[in-house]
Amino acid sequence: MEKKMEETALAQTQPNNVTTHHIPKPRKGGLITLPFIIANEAFEKVSSYGLLPNMIFYLMKDYGLGVAKSANIIFLWNAATNFMPLLGAFISDSYLGRYFTIGLGSIFSLLGTILLWLTTMIPKAKPPTCDIMTQSCTSPTSGQMTMLLSSMAFISIGAGGIRPCSLAFGADQLDNKANPNNERVLESYFGWYYASTAIAVLIALTGIVYIQDHHGWRVGFGVPAILVFLSLFLFFVASPLYLKQKASKSLLAGFVQVLVVSYRNRNVPFPPTNSEAKYHRRKDSEYIAPTENLRFLNKACIVKNPEQDLAPDGSASNPWSLCTIEQVEELKALIRVIPIWSTGIMMSINVSQGTFQVLQASSMDRSLTSNFQVPAGSFSTFVVISMAVWIILYDRAILPLASKIKGKPVRFSVKLRMGFGLVLSCLGMVVAGIVENVRRRKAIEQGYLNNANAVVHMSAFWLAPQYCLNGLAEAMNAIGQTEFYYTELPKSMSSIAGALFGLGMAVANLLATVILSIVNNLTSKGSKQSWVPSNINQGHYDKYYFLLAIMSGVNLIYFVICSWGYGPCKEQITKVSDEGNGFKKEEEMFNLRSLIKEEDSRV
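Residues numbered from 1 in each chain as written. Predicted model: local features only at pLDDT ≥ 70, side-chain atom pairs only at ≥ 80, totals over all residues. Heavy atoms only, no water.

### Here we look at the overall build of the protein chain
For step 1, the next point in the chain: Helix and strand counts for the protein chain stand at 18 helices and 6 strands.
For step 2, the next point in the chain: A total of 603 residues make up the protein chain; the buried ones form 50% of that total.
For step 3, the next point in the chain: Considering only residue pairs separated by 6 or more positions, the protein chain has 79% of its internal contacts joining residues 24 or more positions apart.
For step 4, the next point in the chain: Just so you have it, the protein chain exposes about 28,200 Å², and 63% of that area is on carbon and sulfur atoms. (Helix = DSSP H or I, 4+ residues; strand = E, 2+ residues; numbered from the N terminus. Buried < 20%, exposed > 50% of the residue type's maximum accessible area, 1.4 Å probe, protein only. Contact = heavy atoms within 4.5 Å. Areas by Shrake-Rupley, 256 points an atom, 1.4 Å probe, with all protein chains shown as cover.)

### A word on the packing of aromatic side chains
For step 1, the next point in the chain: Scanning all chains against the criterion turns up 24 aromatic pairs.
For step 2, the next point in the chain: With 5.3 Å between their ring centres and 40 degrees between their planes, W217 and F221 make a pair best called tilted. Pair noted here: W217 and F221 are both in helix α7 (residues 182–237), with a separation of 4 residues, about one helical turn.
For step 3, the next point in the chain: On the basis of an interplanar angle of 65 degrees and a centroid distance of 5.9 Å, the ring pair of F484 and Y485 is categorised as edge-to-face. (Phe/Tyr/Trp six-rings, centres within 6.5 Å; stacked < 30°, edge-to-face > 60°.)

### Quick notes on the nonpolar core
Most often, soluble globular proteins keep nonpolar side chains buried together rather than apart.
For step 1, the next point in the chain: If you look at the biggest cluster of nonpolar residues, it comprises 102 residues, and the most contacted ones within it are M55, F356, L359 and Y544.
For step 2, the next point in the chain: Considering every element that reaches this core, the biggest residue donor is helix α16 (residues 494–523), with 10 residues.
For step 3, the next point in the chain: When residues no more than four places from it in sequence are discounted, the contact partners of L359 are I56, F57, M60, V67, I536 and Y541.
For step 4, the next point in the chain: Listed in part, the 8 residues of the second largest apolar core include I37, Y99, I102 and F169. (Core = buried A, V, L, I, M, F, W, Y, C linked by side-chain atoms within 4.5 Å.)

### Structural notes on the pairing of strand β4 (residues 456–459)
For step 1, the next point in the chain: Side chains of β4 alternate between two faces, with V456 and M458 buried and H457 and S459 left unburied.
For step 2, the next point in the chain: For strand β1 (residues 364–365) and β4, the ladder comprises 2 bridges, and the chain directions are parallel. Bridging across to β4, D365 finds its partner in S459. (Pairing = 2+ DSSP bridges.)

### Observations concerning helix α10 (residues 325–343)
For step 1, the next point in the chain: Spanning 19 residues, α10 covers 29 Å between terminal C-alpha atoms, matching the ideal 27 Å at 1.5 Å per step.
For step 2, the next point in the chain: For α10, the principal kink sits at V337 and spans about 35 degrees; a proline, P339, occurs within the next four residues.
For step 3, the next point in the chain: With 15 of 19 residues buried, α10 lies mostly within the body of the structure. (Expected span 1.5 Å × (residues − 1). Bend = angle between axes of the 7 residues up to and from the residue.)

### Some thoughts on the confidence of the model for the protein chain
Caution applies to low-pLDDT regions: their predicted coordinates should not be interpreted in detail.
For step 1, the next point in the chain: Overall, the predicted model of the protein chain reaches an average pLDDT of 81, with 84% of residues at or above 70.
For step 2, the next point in the chain: When the criterion is pLDDT under 50, residues 1–6 qualifies, and its contacts beyond four places in sequence or with other chains add up to 7 contacts.
For step 3, the next point in the chain: Predicted confidence for residues 8–24 stays below pLDDT 50, and this span has 17 contacts to residues more than four positions away or in other chains. (pLDDT = per-residue confidence, 0-100.)

Okay, here's the thing in C-alpha cells:
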C-alpha cells in the first residue's frame, strides 16, 4: 500500500505527456514531505496545549495576580489564539501562500515560547515569588507584564499561521485531481494527520502538565520551547521538497467587495422585474438573478454600463465596482447562518471555564494510587475522552441500532444535535455548581476557610461528570455546528465554514472576560467578598456556575427561536436503495477527524 501511495504521489509531479525515463525532474511534494508537515503541527499543539492548563497557577503564584485578573488574561489569550487562524487563513489565501504563512507562524511560536521560558529564567522578569494566602504580593511592573503578554501574543500569532494552513499544505503535496486514487490517498493522509493531532493533545494534557507539576516552570516551559524549535527545524529542513502553491483570491476579500459595491450603488435603481436581467454572473452560472432576501446587497451585481463595467471576456473590469451574483449569494448565505452560529457562543463560554475547574481539582484529593496523583490540569482529558467515546458510539452503535429497530436509516438532524448539545452544556454548569457547593461546604467543615492551599477530603474525580457533560456537549453541538455550516453554505465557502466555529470560540472568550469582570465587580461592592476571589474556599464559584447555567437556559430558548426562524435545512446527502429485505445507505458523516478539528479551536 505504501509503495502504491509513493508511486501515486510521485506521479502527481510528472506531466502526463513527459516520460520520466528521458527527462528526469526534481521531486516535489509526495509522501516524503508529510512527516515534516505533520511533525510541525503536532509539536506546536503539544506546546500550546501543554502551556494552557497550569497557566492560572503561574499567573497567581509567580506574578501575584488574583483569580479574576489571571482568568481574564487567559480568556483574552484564548480569544486571540482562536481569532488568529481566521486572519492567518486570509493572509495565506490572499498574499503569502501556505508555505510562508506556516514558516512565519512557526518562527513567532518559537519566539513566544522562548520569551515565556525566559520569564522563568531571568529573576527580574517577574516579581518576587509570594504566597498569596499568607503575605502580600508585589505587583508586577509594566515591563514584566509586557514581556509576559508579548510571549502570549507571539504564541497566538504562531498558532494563527500554522493551524489554518498545515492540513491544506499537506494535502497540496498529494492532491491530484487526475489521479483516480486521489481521494484514497488524501483520506489516508487525513487519518494520519488527525491521529497525530489527537496524540499531541493527550501528550500535552498529561506529559507536559506532569513535567510542570513535578519539575517546575523552568523545565515545564523549557520542554515546549524545545518542541517548537524542533517543529520549526523539521518544517524548514524539508523546504526543497515541498510543492509550494501561490496565493489565490480569498473569499473574505469577495465579501468586502460586495459590501463596498452595494454601498456605492445604494442610489442605483433595481432593474424592472419583467425586463431582461441586468445582473453580472459567472459563466455557466446557475443563477439568472439574485434572490430577494437581503435585497439591498443585490445592487452590488447590477450592471450599470456594460461597456465600462465588463471586460472583453465578460468578467468585471473592476471587481470593486461590480460583483457577481455568486458573490452576493455567498455573503447572503453567511449572514443567514449567523443567528444560529451565535447560539453556540454560550456553550463555548461554559467550556472556557476550565481555569476555575483546575483550581477546584488542585484543592481536592487527586490520588489515583497511593503513589501517584493526577495533575490538576490533566482532568480536562475527560473532555477529549468523552467526545471520542460519544462519536464512536453514535456512529457505530446508536445509529445502527436505531436503524435496525425502525427498519430504515435513522439519523438525527443537525439542529436537533446542536440543541441537545446546548442542553448538556446547561446541565454541565448545573452539575459544576452542585459539586463546587459540596466541595466548599466540606472545606469549611474541615477548617480550611482561610487556607486555599489545603486539600479537601473529597475525591477530585467528582469533577469528571461536569467534564464529561462538557465533552458530550461539544461532541454534539460543536460538530453539529461544523456540519451545519458545511451543508448550508455553498461549497465555495468550505474554508469559511471551517473557520466559523473557531471564530465563535474567540468571541466566547471575549464575552467570558466581560461576564467574569461584571460578576467580580458587582459581587465585591460594599467591601463584600467577591464570588471569584483568589481563595476558592472563601468565594462562591458555585453561584457563578449557576449563573452560567441560567444564561445557558436562556440561550437554549434563543436557539429554538433561531432554529424556527431559519426554517428547514438543505436536504442531507443521503442515498437509500432497497436491496432485498434490507437497505444500503451512503451518507456523508463527521467522525473523529471533525472532533479533533474542533479541539484545535479550544486553545
